[in-house]
Amino acid sequence: MNLNSPLFDKVRTRPVAEEARPNEERGCQYPGCQRKGDFRAPRGRDYEGQYLFFCIDHVREYNQTYNYFNGMSDAAVQAFMKDALTGHRPTWASGVNGAPEPSATKIDSAAILRERIERLRRMRAEAQAQSSKKRVGKLALKALESLGLDETADKASVRRRFKEMAKRLHPDLNDGDRSREDKLRVIIDAYNYLKTVGFA
Ligand SMILES: [Zn+2]
């Protein structure tokens with residue numbers, strides 16, 4: 001655990017309410033986790049002085065959702081939090097698989113947490129997909145496709161694939177078979193284009 005993070009400084013210096021102290025009875029509030037909740041994390045900006053309790057693995061995961069907000073404006077963070085807290089909540093089946101029925105507080109905080117983490121994952125995936133789409137133009141995509149690759153390809157794999165295909169298609173290496181020359185020309189054009197846009 002990174003004890004030098006600003007989050008932990010904040011936790012250490014903030015006065016702790018009596019009910020915010022972890023105890024033996026408190027379970028990890030991560031959905032489905034049956035371990036002890038020995039580690040606490042602040043519930044969020046709108047809940048000053050309130051904490052959630054997790055096992056070591058889940059306090060780390062929860063804290064990562066806070067790192068995600070670094071660099072976001074206050075307004076964007078508020079909007080995200082508001083949405084996560086007031087938006088759709090998953091319904092909770094209690095006592096599934098013989099697990100003890102969780103308390104009302106546990107259901108509430110677990111639902112908030114799960115919602116927040118799931119939303120965070122979706123946002124990250126969408127942001128990554130968007131940025132890779134933006135970076136690759138239509139012509140580059142087409143060129144990559146003709147080499148059997150997509151926008152995730154790096155320079156080394158583009159070069160390697162081009163060499164393999166060129167070798168397979170070149171008439172000099174195919175007993176003078178010229179039927180593959182058209183295809184060869186297509187991949188040479190594709191490769192040259194990819195070089196001009198920094199993909200090879
Ligand atoms: Zn846990």
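Whatever comes next refers back to the structure up there.
Residues numbered from 1 in each chain as written. Predicted model: local features only at pLDDT ≥ 70, side-chain atom pairs only at ≥ 80, totals over all residues. Heavy atoms only, no water.

Section: the environment of L169
Using the following cut-off: To qualify as a helix, a DSSP run of H or I must reach at least 4 residues; to qualify as a strand, a run of E must reach at least 2; elements of each kind are numbered from the N terminus. Using a 1.4 Å probe on the protein chains alone, a residue whose accessible area is under 20% of its type maximum counts as buried, one over 50% counts as exposed, and one in between counts as partly exposed. Working rule for contacts: check all heavy atoms of both residues, and any pair within 4.5 Å makes them a contact.
Along the chain, L169 falls in helix 6 (residues 155-169). By relative accessible area, which is 9% here, L169 ends up buried. Through-space distance from the C-alpha of L169 to that of K183 is 7.4 Å; in sequence the pair is 14 residues apart. Apart from the residues within four sequence positions on either side, L169 is in contact with N174, R180, K183, L184 and I187.

Focus: the packing of aromatic side chains
Aromatic ring pairs: the centre-centre distance and the angle between the two ring planes describe each pair. Spelled out, the test is: Classification of ring pairs uses Phe, Tyr and Trp, with its six-membered ring standing for Trp, and accepts pairs whose centres are within 6.5 Å; under 30 degrees between planes counts as stacked, over 60 as edge-to-face, and the remaining range as tilted. The rule is short: NZ of Lys or CZ of Arg within 6 Å of the ring centre and within 35 degrees of the ring normal puts a charge over the ring.
Overall, the coordinates contain 1 aromatic pair when judged by the stated rule. Looking at R40, its charged tip hangs above the ring of Y51, at a distance of 4.6 Å from the centre.

Some details on the coordination of the zinc ion
Six octahedral donors around a metal ideally subtend angles of 90 or 180 degrees, whereas four tetrahedral donors ideally subtend 109.5 degrees. Our working rule: In this listing, donors mean N, O and S atoms no farther than 2.8 Å from the metal, or 3.2 Å for Na, K and Ca; water is missing from the atoms, so a site can look incomplete. All geometry calls rest on donor angles, where a four-donor set with angles between 85 and 135 degrees is tetrahedral, four- and six-donor sets with opposite donors more than 155 degrees apart and all others between 65 and 115 are square planar and octahedral, and all else is irregular.
C28 (SG), C33 (SG), C55 (SG) and H58 (ND1) make up the full set of protein donors to the zinc ion, lying at 2.0 to 2.4 Å. Coordination geometry of the zinc ion: the 4 donor atoms subtend angles of 101 to 119 degrees at the metal centre, consistent with an arrangement described as tetrahedral. Mapping the donors of the zinc ion onto the primary sequence yields the spacing C-x4-C-x21-C-x2-H. Note that C28 is positioned in the loop between helix 1 (6-13) and strand 1 (39-42) and H58 in helix 2 (residues 56-67), a separation of 30 residues in sequence. Among the residues examined, C28 registers a relative accessible area of 0% and is labelled buried. For H58, a relative accessible area of 14% translates into the label buried.

With respect to the nonpolar core
Formally: Within this scheme, the nonpolar core is defined by two criteria: the residues are buried Ala, Val, Leu, Ile, Met, Phe, Trp, Tyr or Cys, and they are joined through side-chain atoms within 4.5 Å.
L144, L147, L149, V158, F162, I187 and L194 are the most contacted members of the largest nonpolar core, which totals 19 residues. Of all the elements in the fold, those that place two or more residues in this core are helix 5 (138-146), helix 6 and helix 7 (181-196). Ignoring sequence-local partners within four residues, the contact set of V158 consists of L144, L147, L149, A153, Y191, L194, F199 and A200. With 10 residues, the next largest nonpolar core counts C28, L52, C55 and Y62 among its residues.

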